[in-house]
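Coordinate analysis (summary)
Each chain, written out:
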Amino acid sequence: MITRCYLEITNICNLDCLFCPKTAREKRSLTPEEFDVLTDKLRGKIKFLYFHLMGEPLLHRHLPEFIVQAREKGFIPIITTNGTLLSRAQDVIEALPYKMQVSLHSHEGNAKENLEQYVGEVMRFALEAASKGVIMVLRLWNEGGYDKENERLLDIVAKYVPRPWTLCRAGWMVAENIYIERGRKFEWPVSENPENSNRDIFCYALRNQIGVLVDGTVVPCCLDSAGVVKLGNLFEQELEEVLASPRARAIYDGFTRHEAVEPLCRRCGCATLIKQGEK
């Protein structure tokens, strides 16, 4: 079983964030019928179903029913959102996703909005969702980049859940079921990036994660925002057929040899460099 699938229910977004590479793909959203087809193709083969690759999931009017349907089919549903639409997402709380990840660093592309209002809406939602058992992860993945407002942002969070917070692996647990996760500025593998010439690279793409774009295209991971590495299409094929394709097998076997065979993978900073002696 593949651990994670990033299912793009829409590639439409309401923000223009500085860290996001955007996409030139046709703007569209999954219909309920398409969602049913894709989740049937993934059923029993995926554990965690992430409702995101590009786009803002909360823009999709069928998101609550998608969450319920995913749970009924045996998936563990997870939402990633920029957090700007949470004030009108009560129905999402009632659908009870397993986890919601809020990209607080999206305030970089939200400068025209009031930071205190934005964080306040996120925290009010987070507290209510957490009280119902939803795990809320508030992400600040912008260290070393556009992080000048981070301390002010954390001070606003503290108005809702006072310090001290409990240190954990990636940041803090600030309340039951509410976490703040800090990380370096996120770098997408885009064509402008130089290729990594080091051959000792490993990635879990196609081992424990895949991505499915809104048109059904299967890509190796959540970072192929443009659909550069097209492996097949779930509207036309079964997942097993896609994963057995020559291109998919070459990627998988390449990483088994600690080699990135795709140019996109060689431009990715998330691929792990294998240390000497670990081969």
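1. Examining the packing of aromatic side chains
What the rule picks out here adds up to six aromatic pairs. Ring centres of W165 and W172 lie 5.6 Å apart, and the angle between their planes is 65°; on these two criteria the pair is classed as edge-to-face. Accessibility assignment for this pair places W165 and W172 in one class, buried. These aromatic residues form a ring-pair network of at least three members: F35, F51 and F66. For R207, the ring lying beneath its charged end belongs to Y252, and the centroid distance is 3.9 Å.

2. Topic: the nonpolar core
Counting 86 residues, the largest nonpolar core has L42, F51, M136, W165 and I210 as the members making the most contacts within it. Take this core: its biggest share by element is nine residues, from helix 4 (residues 115-131). Discounting chain neighbours no more than four positions away, the residues touching W165 are L154, V157, A158, W172, M173, V174 and I180.

3. Topic: the sheet that holds strand 2 (residues 46-50)
The strand order across the open sheet formed by 11 strands is 6-7-8-5-4-3-2-1-10-11-12, and the pairing between neighbours is mixed. The open sheet has two edge strands with one neighbour each: strand 6 (166-167) and strand 12 (232-233). In this structure, strand 2 lies alongside strand 3 (residues 76-81), joined through three bridges in parallel fashion. Along strand 3, the bridge assignment pairs F48 with I76. The sheet contacts of helix 5 (residues 150-160) involve strand 5 (135-143), strand 7 (171-175) and strand 8 (178-184), and relative to strand 8 the element is tilted by about 175°.

4. Some remarks on the packing of helix 4 against helix 5
The contact between helix 4 and helix 5 brings their axes to 9 Å, and the two run at 45°. What the angle tells us is that helix 4 and helix 5 run oblique. Crossing geometry of helix 4 relative to helix 5 is assigned as right-handed. Between helix 4 and helix 5, the contacting residues are L115, E116, V119, G120, M123, R124 and L127 on the first element and R152, L153, I156, V157, K159 and Y160 on the second. Residues of the contact of helix 4 with helix 5, tallied by class, amount to eight nonpolar, one polar and four charged.

5. Side note on the pairing of strand 4 (residues 99-103)
Counting buried residues along strand 4, five of its five residues qualify, which places the element largely inside the surrounding structure. By the alternation rule, side chains of strand 4 split into K99, Q101 and S103 and M100 and V102, which are all buried. Across four bridges, strand 3 lies against strand 4 in parallel orientation. Across the sheet, I78 pairs through a bridge with K99, a residue of strand 4. Taken together, strand 3, helix 3 (residues 90-95) and strand 4 form a β-α-β motif whose crossover is right-handed. Note: strand 4 against strand 5, five bridges, orientation parallel.

About the cut-offs
- Residues numbered from 1 in each chain as written.
- Predicted model: local features only at pLDDT ≥ 70, side-chain atom pairs only at ≥ 80, totals over all residues.
- Heavy atoms only, no water.
- Phe/Tyr/Trp six-rings, centres within 6.5 Å; stacked < 30°, edge-to-face > 60°.
- Buried < 20%, exposed > 50% of the residue type's maximum accessible area, 1.4 Å probe, protein only.
- Lys NZ or Arg CZ within 6 Å of the ring centre and 35° of its normal.
- Core = buried A, V, L, I, M, F, W, Y, C linked by side-chain atoms within 4.5 Å.
- Helix = DSSP H or I, 4+ residues; strand = E, 2+ residues; numbered from the N terminus.
- Contact = heavy atoms within 4.5 Å.
- Pairing = 2+ DSSP bridges.
- Axes fitted to C-alpha atoms, helices over the stretch in contact; angles between N-to-C directions.
- Parallel < 35°, antiparallel > 145°, perpendicular 65-115°, else oblique.
- Left-handed = near helix turned anticlockwise from the far one by under 90°.
- Nonpolar A, V, L, I, M, F, W, Y, C, P; charged D, E, K, R; others polar.
- Right-handed = clockwise from strand over helix to strand, strands pointing away.

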